[in-house]
Amino acid sequence: MFIQTENLCRKFTHGNGEQVVLAGLSFTLRRGEIVALLGRSGSGKSTLLNLISGIDRADSGKVFVGGRELTAMNELERTMFRRLNIGFIYQFFNLIPSLTAAENIALILELNGRSAEGAMKSTQQLLQEMNLQEQGSHFPSQLSGGEQQRIALARAMIHSPKLVLADEPTGNLDAETGAQMLELLISHVRENNSTLLLVTHSLAVARAADRILTLDHGVIEERSGEFAW
Amino acid sequence: MNSPGNRARYHLLLLSAWRYAAQHRWQTWLSFLGIMLGVMMVVAVDLANSSAQRAFALSVAAVNGNITHQIVGGSSGVPDSVFTGLRTELGLRNSAPSLSARIRVGRTELTLIGVDFSSEATLQRRRPGLATESLQMSGLALAALTRADAVMMSEETAQTAGLAVDQVFTLESAEGAQSAILAATFASSEPVATEGLVFADIATAQSLLAQRGSIDSIDLVLADDDIETLRSWLPVGLTLVEVNARNAALEQMTSAFGVNLLAMSLLALLVAGLLIYNTVSLSVLQRQQTLGVMRSLGVSRREVIMLILLESIVRGVLASCAGVVMGLVLGQGLVKLVTRTIDDLYFNLSVTSFLLDPFVLGKGLLWGTGVSLLAAAIPAWQAGRAQPVTLQQRAVQDSKIQKQLPMLALCGGLVMGAGLLLLLPENGSLVTGFVALNLLIFGFCLLIPLAMHFSLQLFFYGFNRRLSQRTRLALRNIQSGISRTGMAVAALTVAVSVTVGVGIMVGSFRQTVILWLDQTLSGDVQVTRLDNDAGAVSAEFETFVREQLQVGSLTRVFNQRVESSAGEVRVAAYGDGMAANLFIKTASQEGLQAAEAGTALLVSEPFAYLNNLEIDDTVTLYSPQGSLTLPVAGVFYDYTSGAGMVAIAQQLYVQWWPESLPNSLILHAAEGQDLTALQRDLRSYTTDLPGNWGVAANADIRRITLTIFDRTFAITHVLRLLAIGVAFVGVLSALIALQLERMREYALLRATGMTVREVAGMIGVQTLVMGVLAGLFALPLGLLMSDVLIDVINKRSFGWSMLHILPASVLIQAMLLAIIAAGLAGIYPAIRVAGVSPAQGLREE
């Protein structure tokens, strides 16, 4: 199993109350699989993504990615693991506003120790492949939503990660741009033999995946065939 | 961070930080300006201080050289015959007579030093810049000796005074104008040390200063064995003093003055530090989401921390360099104020040049960079510590800080408690006093966020129904963003409280001096011999005043410097009793009666404080008649100088200093007597008398004293203004950053339907409320600060205590300052809101 979670629990405290988001969640993902995770707002999809990527810590339970236990790692180890093995795509793009599009992409390569020149060369190559050469020198604020998300996709894929986590990647795009974006994402993931966990609440988007999981009230279920949402 | 991999890794992170700074020019420049002004103040004051301290040391060394002891005789000096006896009877060859006085050549103030060249050769005195043993010096000395009224000086001094060799010029001393000739100039090996010094043969100096038959002191280099022999040989009225101990007391006073100035500049740096912290933490908070994204992409905690610290170091170094350069310029102006104050209060400085100390420059650079780094450390640590996911969620941060407010306030209370504990010991050091002051300020800052929270809650509770939705939103924004608004208000509070604290301290001091003048200036007109401590109002003069001028009554005042068991002290005696002429601080009725009866004495407050004297302790005064030991019966306020003063009954004074004449007469005018005419007659009479006389109405003395007071505190005002400047810039930057951070929110409000005017009004309400809160919080902190400055810092520095006066104007000024600073800070974001379309605002980060 490429991703395995065991009894994952996460709760948040708000004022005097407590909200249990994930209560003993267990599921697995195979290498190279494209899995869509469907769920209503507040069902814990993004929390699960954050726990799998190691940017948040579970209250209890275990997370294994590529055979390594993320929950047993310290902060630095998790960061290094993420840097090398994970690509992230957010609904609101989350590009670094003070870096150009190309620099946003090159950053992850530099973090992994590539020289500035080498990183930029690879970035330009990817931008060309994605037909984004002209946008490379633009700052995020100068790009349209679709362009920003394509740059975010390039940033997530530039270091050929084993795992790509996408949190509503088309949620902030129009239907046509969203569809193009999804196609691009899936083709890059397949080409790279990466595993993709795609969080969405759109059934249409979920249908593009190999498997569909639903998350409701902290319980994960596999769906197949037609189902209502 | 040095390996190639690391360099590459940081390249884009640094580029991102640089671009952020470039994109937020306002905040960048203002934080730069804040550090620069802070460093400028510290460097300028430090340079002025070190320059003045070195000037002091050089001035002492230039006059005294390397001597170990001096024989002094108080105001009356030492008779020539004592020097002759010392050499012939005791055979002490390591001795030389000394005489010095301030003179004026044209507009240049100089110090004339009488030197006995043959004695100097055996004493082997080494004065900085003067090689007495050199052939050149001996030749010049010979040249100077062979001509009447001949003097010599360094080439630089001659140039300053506009004199050439062989030029005859007029030399003005307290005794009047005399003709002298510049016999020779010499090349000084240390021009700064010999600056302003004029050398003459001792006999020539005595003639020029009309001081025939006596000298100021006999300077000695003594072996331990000789000390006791010499003490037992000395005629009554003369004292052997150790030069180092004597200078140390003076040095202590001048350095206390320096510490006070430095403290003021450090206070400004503290304000600058708080503001730098504010700026840095705001810049981190603003980039929280970006930092969160970076962290989720794989940027480690350490890298985030290093990035923020590196940014801070670069900004700190650049701003500090600029601050050091500005400090050099400002320091040159301040050194004049500092040396003038030291000159006014303690010691005649012959050296007044600006002396550059590279150590001070380095220290300034380190200070600025260090404070900048320290200010960045906490936000950097916080940003590094937070989970990437929480970094992306500002609400989480804000609610976390909300919860921490009581704990923060508790810490503040504890820090303040520690500060108060440090203030408890009565005789604590000055440094402890400053540490305590800083702890109190810092602790108070930690209380501010909770106080803000409660103030706003209280406001909501009282006025919620009357508030418009916009005002409510503005106030809620302050509350919800307490992590940023709290810090900005704390910074503004400290800045404003400095102006309150220092304002009250200076105001109280001035008011106390006025009261002291009212209490001590009895009568209507005073006539005083200004240049001769030993007294000079002759019986004929008194008769003239009584009979010719027909004044109502007359008080004789005796006043001279004498040696005492606690060093040199000024002894005063008043004809009409002490109570009429002194502003008594502590003395029982019996004590006062004992002092009036001549069985006890009263001491000035600085004298008591510096010598740890309490009621019933004894003080010994040395007079030509022997030693007079009396118990202390009371303490009186005295702000004349730091040297200290003792008051005794007049009959006792006349008994122990029988040769003395009064120094001044206090004239009580007869009813209806014209004071102007009285002064004119006195001036006309004293013109024909030898010496320099002062005739002044008490009203004029009061005015002149206050002028000198204001001149002395001019530097305090300059520093206070600079501190306000630093604070203002910093607060402006903090508040602007705060408002700019909310630009997206404002764009959203605009998009929702609020007009530019409405949003601008909301920004205005927000900044004004923050200004009012800062002004309100600054008042108790300022009052606390003034208490510490008055009761601890000034007392430990100078031994002066003063009344606590609370001028309403200072409090009003403080409120206005806070509100104006906050109001101005709201203008730029309001303009930005007006200039940016809602769509554009929503698109921008």
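1. Quick notes on the overall build of chain B
Counting secondary structure elements, chain B contains 28 helices and 21 strands. By residue count, 50% of the 845 residues in chain B fall in the buried class. Sequence-distant contacts, at least 24 apart, represent 86% of the contacts inside chain B between residues at least 6 apart.

2. Quick look at the overall build of chain A
A tally of helices and strands in chain A yields 7 helices and 10 strands. Residue burial in chain A is summarised as follows: out of 229 residues, 48% are buried. Sequence-distant contacts, at least 24 apart, represent 71% of the contacts inside chain A between residues at least 6 apart.

3. Notes on the environment of Ser53 of chain A
Summarising the element assignment, Ser53 of chain A is placed in helix H1 (residues 45–53). Looking at Ser53 of chain A, the number of C-beta atoms within 10 Å reads 26, which means it is buried. Separated by 112 residues in sequence, Ser53 of chain A and Leu165 of chain A place their C-alpha atoms 7.8 Å apart. In this structure Ser53 of chain A touches Arg82, Ile86, Phe88 and Leu165 of chain A together with Ser296 of chain B, once residues within four positions along its chain are discounted.

4. Examining the nonpolar core
Residue and element names in this part refer to chain B. Counting residues in each nonpolar core, the largest one holds 243 residues, and the members touching the most others are Leu601, Leu602, Val646 and Ala647. Setting aside its immediate chain neighbours within four residues, Val646 contacts Val569, Val571, Leu601, Val603, Phe607, Val619 and Leu621. Listed in part, the 41 residues of the second largest apolar core include Ala183, Ala184, Ala205 and Leu234.

5. What about the interface of chain A and chain B?
Contact with chain A, which involves 27 residues of that partner, is made by 26 residues of chain B. Elements supplying a minimum of two residues to the side of chain A that touches chain B: H1, helix H2 (75–85) and helix H3 (101–111) of chain A. Per-element accounting of the side of chain A that touches chain B gives the leading share, 6 residues, to H3 of chain A.

6. Details of helix H17 (residues 482–520) of chain B
A rise of 1.5 Å per residue sets the reference length of H17 of chain B, with its 39 residues, at 57 Å; its end C-alpha atoms lie 54 Å apart and thus fit the reference within 8%. Along H17 of chain B, 30 of the 39 residues are buried, which leaves the element largely enclosed by surrounding structure.

7. Thoughts on the environment of Gln526 of chain B
Residue and element names in this part refer to chain B. Considering the arrangement of structural elements, one finds Gln526 in strand E12 (residues 525–529). On a C-alpha basis, the gap between Gln526 and Leu665 in space is 5.7 Å, while along the polypeptide they are 139 residues apart. When residues no more than four places from it in sequence are discounted, the contact partners of Gln526 are Ser664, Ile666, Ala696, Asn698 and Ile701.

8. Some points on unusual backbone geometry
Phi at Asn7 of chain A takes a positive value of approximately 50°, unusual for a residue other than glycine. Residue position: Asn7 of chain A is located in strand E1 (residues 3–14). A count of 13 C-beta atoms within 10 Å places Asn7 of chain A in the partly exposed class. Of note, the phi angle at Asn612 of chain B is positive, near 55°, even though the residue is not glycine.

9. Looking at the sheet that holds strand E6 (residues 86–89) of chain A
Residue and element names in this part refer to chain A. Reading across from one edge, E6-E7-E8-E3-E9-E10 is the order of the 6 strands in this open sheet, with mixed pairing throughout. Two strands close off the open sheet at either side, each with one partner strand: E6 and strand E10 (219–223). The average angle at which neighbouring strand axes cross in this sheet is 20°, direction not considered. As defined by bridge partners, E6 adjoins strand E7 (residues 163–167) across 4 bridges and the pair is classed as parallel. Residue pairing for E7: Ile86 is matched across the bridge by Leu163.

10. With respect to the confidence of the model for chain B
On average, residues of chain B score 78 in pLDDT, and 80% of them are at 70 or above. Interface predicted TM-score (ipTM) for the complex: 0.70; the corresponding pTM is 0.63.

11. Points about the packing of H3 of chain A against helix H4 (residues 116–129) of chain A
Residue and element names in this part refer to chain A. At a minimum axis distance of 8 Å, the contact between H3 and H4 shows a crossing angle of 130°. Viewed along their axes, H3 and H4 adopt a mutual orientation that is oblique. Remark: the crossing between H3 and H4 carries right-handed chirality. Contacts between H3 and H4 pair Ala102, Ile105, Ala106, Leu109 and Glu110 from the former with Ala116, Ala119, Met120, Ser122, Thr123, Gln124, Leu126 and Leu127 from the latter.

12. Here's the deal with the packing of helix H15 (residues 430–463) of chain B against H17 of chain B
Residues and elements named next belong to chain B. Closest axis-to-axis distance for the H15/H17 pair is 9 Å, and the angle between their directions is 130°. As judged from the angle between their axes, H15 and H17 are oblique. Every pair of crossing elements has a handedness; the one defined by H15 and H17 is right-handed. Of the residues in H17, those in contact with Ile441, Cys445, Ile448, Pro449, Met452 and His453 of H15 are Ile482, Gly486, Val489, Ala490, Thr493 and Val494. Looking at side-chain class alone, the contact of H15 with H17 contains 9 nonpolar, 3 polar and no charged residues.

13. Structural notes on the pairing of strand E4 (residues 108–115) of chain B
The side chains of a regular strand alternate between the sheet's two faces. All names here are of chain B. Taking burial as the measure, the 8 residues of E4 include 6 buried ones, the bulk of the element. Pairing between strand E3 (residues 95–105) and E4: 8 bridges, direction antiparallel. Its bridge partner being in E4, Arg102 is matched across the sheet by Thr111. Relative to strand E8 (residues 197–201), E4 runs parallel, the two sharing 5 bridges. By the bridge assignment, Thr111 is partnered in E8 with Leu197.

14. Here we look at the environment of Ile218 of chain B
Residues and elements named next belong to chain B. By secondary structure assignment, the location of Ile218 is in strand E10 (residues 217–220). Placed 120 residues apart in sequence, Ile218 and Ser98 show a C-alpha to C-alpha distance of 5.8 Å. Once residues lying within four places of it in the same chain are set aside, the contact partners of Ile218 are Gln70, Ile71, Val78, Val82, Phe83, Leu86, Ser95, Pro97 and Ser98.

15. Points about the pairing of E10 of chain B
Residue and element names in this part refer to chain B. Of the two faces of E10, both are covered, the one formed by Ser217 and Asp219 as well as the one formed by Ile218 and Leu220. Relative to E10, strand E1 (residues 69–72) runs antiparallel, the two sharing 4 bridges. Each bridged residue has a counterpart across the sheet, and for Gln70 the counterpart in E10 is Asp219. Taken together, the 4 bridges between E3 and E10 define a ladder with antiparallel strand orientation. Residue pairing across strands places Ser95 opposite Leu220, the latter belonging to E10.

16. Some thoughts on H4 of chain A
All names here are of chain A. Between the first and last C-alpha of H4 there are 20 Å, a value that for 14 residues agrees with the 20 Å anticipated at 1.5 Å per step. Along H4, the residues classified as buried are Ala119, Thr123, Leu126 and Leu127. In a view along the axis of H4, the buried residues occupy a sector of 100°, so they form one face of it. For H4, exposure combined with an orientation more than 90 degrees from the buried face picks out Glu117, Gln125, Gln128 and Glu129.

Rules of the game
Residues numbered from 1 in each chain as written. Chains lettered and ligands numbered in written order. Predicted model: local features only at pLDDT ≥ 70, side-chain atom pairs only at ≥ 80, totals over all residues. Helix = DSSP H or I, 4+ residues; strand = E, 2+ residues; numbered from the N terminus. Buried ≥ 20, exposed ≤ 12 C-beta atoms within 10 Å, placed from the backbone. Contact = placed C-beta atoms within 7 Å. Core = buried A, V, L, I, M, F, W, Y, C linked by C-beta atoms within 7 Å. Expected span 1.5 Å × (residues − 1). Pairing = 2+ DSSP bridges. Axes fitted to C-alpha atoms, helices over the stretch in contact; angles between N-to-C directions. pLDDT = per-residue confidence, 0-100. Parallel < 35°, antiparallel > 145°, perpendicular 65-115°, else oblique. Left-handed = near helix turned anticlockwise from the far one by under 90°. Nonpolar A, V, L, I, M, F, W, Y, C, P; charged D, E, K, R; others polar. Arc of directions from axis to C-beta.

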